[in-house]
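Topology and contacts: notes
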Amino acid sequence: MRIIFSRKGFDSSAGGGPSPIVDGRPISLPIPDSKGASRTTFGDRGLGGYAAKASRGRLGDDNLCHDDPMFLEAGVHAKTCVFGQCGAAQTHLERQGVGVGDVFVFFGLFAEEATGEPHHRIFGYLRVEEMMHLSEGVPQELIDLDHPHAIAMHASNDVIWRGEGQVAARASNALRLTIPGGPPSLWRRPAWLKHGGLSYHDRAERWLPGGKLQSVARGQEFVADIGRRQAPRDWLAEVIAEIKAS
């Protein structure tokens with residue numbers, strides 16, 4: 001089994017600033033659409049004001065956003081996540097053997113709206129039940145969802161990952177990755193996560209004393225192959241339970 005730490009949403013390079021935490025709830029802002037492959041605006045998502053503040057006025061209600069990962073809350077697909085990946089990031093997932101039964105934990109850069117410090121935190125998850133290679137055809141149901149990867153393929157290896165998933169309703173300390181008072185990229189790592197156990201983090205100097213990890217500045221998908229170990233499964237169960245808590 002694999003746990004994938006998947007970086008998503010606004011940051012200093014994509015969007016211009018952290019996603020907000022409003023009344024204790026993390027609101028992950030989807031990145032701006034850069035490929036003309038979206039039908040969804042920030043206003044459609046009710047996020048125009050938040051996008052304007054995070055981007056210092058560069059974005060707003062009328063700007064298209066890359067609405068992905070997409071968390072479905074109603075109908076027959078309630079509590080489902082639909083996530084598209086392609087290009088080098090998708091190739092990395094394939095080379096790491098990611099597939100059905102593995103779990104994405106989505107994290108991003110967040111801050112309290114007023115004065116909170118920017119930090120990385122987990123805001124949602126996806127337990128993979130299905131992989132759809134869009135080069136083999138795009139299901140109409142994905143087009144009907146206005147998923148950006150279904151509307152227009154982003155690369156020849158475009159893949160939709162789908163399965164059980166949910167977004168967090170509260171920004172609890174249990175879902176925070178960044179150490180207290182630290183720069184966003186300095187994490188308090190789970191005890192089970194050791195040097196050599198997370199892709200893109202091979203350098204020994206990233207694994208610091210005191211259970212800290214200096215996470216890489218670039219990249220989207222960081223894969224931990226946990227094999228049959230119980231400790232990471234217990235950690236994952238606690239993270240998912242916290243995400244599901246209302």
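Computed from a predicted structure; not experimentally measured. (Residues numbered from 1 in each chain as written. Predicted model: local features only at pLDDT ≥ 70, side-chain atom pairs only at ≥ 80, totals over all residues. Heavy atoms only, no water.)

Across its full length, the protein holds five helices and twelve strands. On C-alpha atoms alone, the protein measures out to a radius of gyration of 17 Å, which is about the 18 Å that the 2.2 N^0.38 rule sets for 246 residues. For the protein, with 246 residues in total, the buried portion stands at 51%. Taking as baseline every contact in the protein between residues at least 6 positions apart, the subset at least 24 positions apart corresponds to 68%. Of the roughly 11,000 Å² of accessible surface on the protein, a fraction of 49% belongs to carbon and sulfur atoms. (Helix = DSSP H or I, 4+ residues; strand = E, 2+ residues; numbered from the N terminus. Rg over C-alpha atoms; globule rule 2.2 N^0.38 Å. Buried < 20%, exposed > 50% of the residue type's maximum accessible area, 1.4 Å probe, protein only. Contact = heavy atoms within 4.5 Å. Areas by Shrake-Rupley, 256 points an atom, 1.4 Å probe, with all protein chains shown as cover.)

With that out of the way, let us pick up helix H5 (residues 230-244). The α-helix advances 3.6 residues per turn, and as a result positions three or four apart in sequence lie on the same side. The end-to-end C-alpha distance of H5 is 21 Å, a good match for the 21 Å that 15 residues give at a rise of 1.5 Å each. All buried positions along H5 are accounted for by Pro232, Trp235, Leu236, Val239, Ile240, Glu242 and Ile243. Summarising the axial view, the buried residues of H5 lie within an arc of 160 degrees, below the 170-degree limit, and thus occupy one face. If you follow the buried residues of H5, they end up packed against strand E1 (2-7), strand E6 (103-112), strand E7 (119-133) and strand E8 (159-167). (Expected span 1.5 Å × (residues − 1). Arc of directions from axis to C-beta.)

Here the focus is the environment of threonine 91. Relative to the helices and strands, threonine 91 is located in helix H2 (residues 87-95). According to the relative accessible area criterion, threonine 91 is partly exposed, its value standing at 23%. With 82 residues separating them along the chain, threonine 91 and asparagine 173 place their C-alpha atoms 33 Å apart. A polar side-chain atom of threonine 91 sits 3.3 Å from a polar atom in the side chain of asparagine 157. (Polar contact = N/O pair within 3.5 Å; in protein donor to acceptor, adjacent residues only side chain to side chain.)

Attention now moves to the side chain of asparagine 157. Relative to the helices and strands, asparagine 157 resides in the loop between helix H4 (148-151) and E8. Residue asparagine 157 is classed as buried on the basis of its relative accessible area, which comes to 19%. Within the local environment of asparagine 157, its side chain forms a polar contact with the backbone nitrogen of glycine 87, the two atoms lying 2.8 Å apart. Aside from chain neighbours lying at most four places away, what touches asparagine 157 is Gln85, Cys86, Gly87, Gln90 and Thr91.

This part covers the pattern of salt bridges. As enumerated under the stated definition, the model contains 13 salt bridges in all. Across the pair arginine 2 and aspartate 225 runs a salt bridge, and its minimum N-O distance is 3.7 Å. With arginine 2 in strand E1 and aspartate 225 in strand E12 (residues 221-225), this pair connects stretches of sequence that are 223 residues apart. Members of the salt-bridge network, linked through shared partners, are Arg2, Asp102 and Asp225. (Salt bridge = Lys/Arg side-chain N within 4 Å of Asp/Glu carboxyl O.)

Trans is the common state for peptide bonds, and a negative phi is the common state for residues other than glycine. For the bond from aspartate 68 to proline 69, the omega torsion is 0 degrees, close enough to zero to count as cis. Along the polypeptide, proline 69 turns up in the loop between helix H1 (48-54) and strand E4 (70-72). Its identity is not glycine, yet aspartate 23 carries a phi of approximately 55 degrees, on the positive side. Position of aspartate 23 relative to the elements: it lies in the loop between strand E2 (19-22) and strand E3 (25-26). Located in the positive-phi region is tyrosine 200, a residue other than glycine, with phi close to 70 degrees. Looking at where tyrosine 200 falls in the secondary structure, it is placed in the loop between strand E9 (186-188) and strand E10 (207-208). On the basis of relative accessibility, which here comes to 45%, the residue tyrosine 200 falls in the partly exposed class.

Tallied over the entire structure, the rule returns 14 aromatic pairs. An angle of 75 degrees between the planes, with centres 6.1 Å apart, marks the rings of tyrosine 200 and phenylalanine 222 as edge-to-face. Here tyrosine 200, found in the loop between E9 and E10, pairs with phenylalanine 222, found in strand E12; they are 22 residues apart in sequence, far enough to count as distant. Exposure remark for phenylalanine 222: the relative accessible area of 0% places this residue in the buried category. Taken together, the ring pairs connect Phe5, Phe107, Trp187, Trp192, Tyr200, Phe222 and Trp235 into an aromatic cluster. (Phe/Tyr/Trp six-rings, centres within 6.5 Å; stacked < 30°, edge-to-face > 60°.)

With 25 residues, the main nonpolar core has Ile3, Phe5, Val105, Ile122, Trp192, Leu198 and Trp235 as its most contacted residues. Residue assignment for this core shows that the elements contributing at least two residues are E1, E6, E7, E12 and H5. In terms of residues, this core owes the most to one element, H5, which gives five residues. Beyond its immediate sequence surroundings of up to four residues, phenylalanine 5 is in contact with Val105, Phe107, Leu177, Trp187, Trp192, Leu198, Gln220, Glu221, Phe222 and Trp235. One finds Ile21, Cys81, Leu93 and Val128 within the second-largest nonpolar core, a separate group that totals 16 residues. (Core = buried A, V, L, I, M, F, W, Y, C linked by side-chain atoms within 4.5 Å.)

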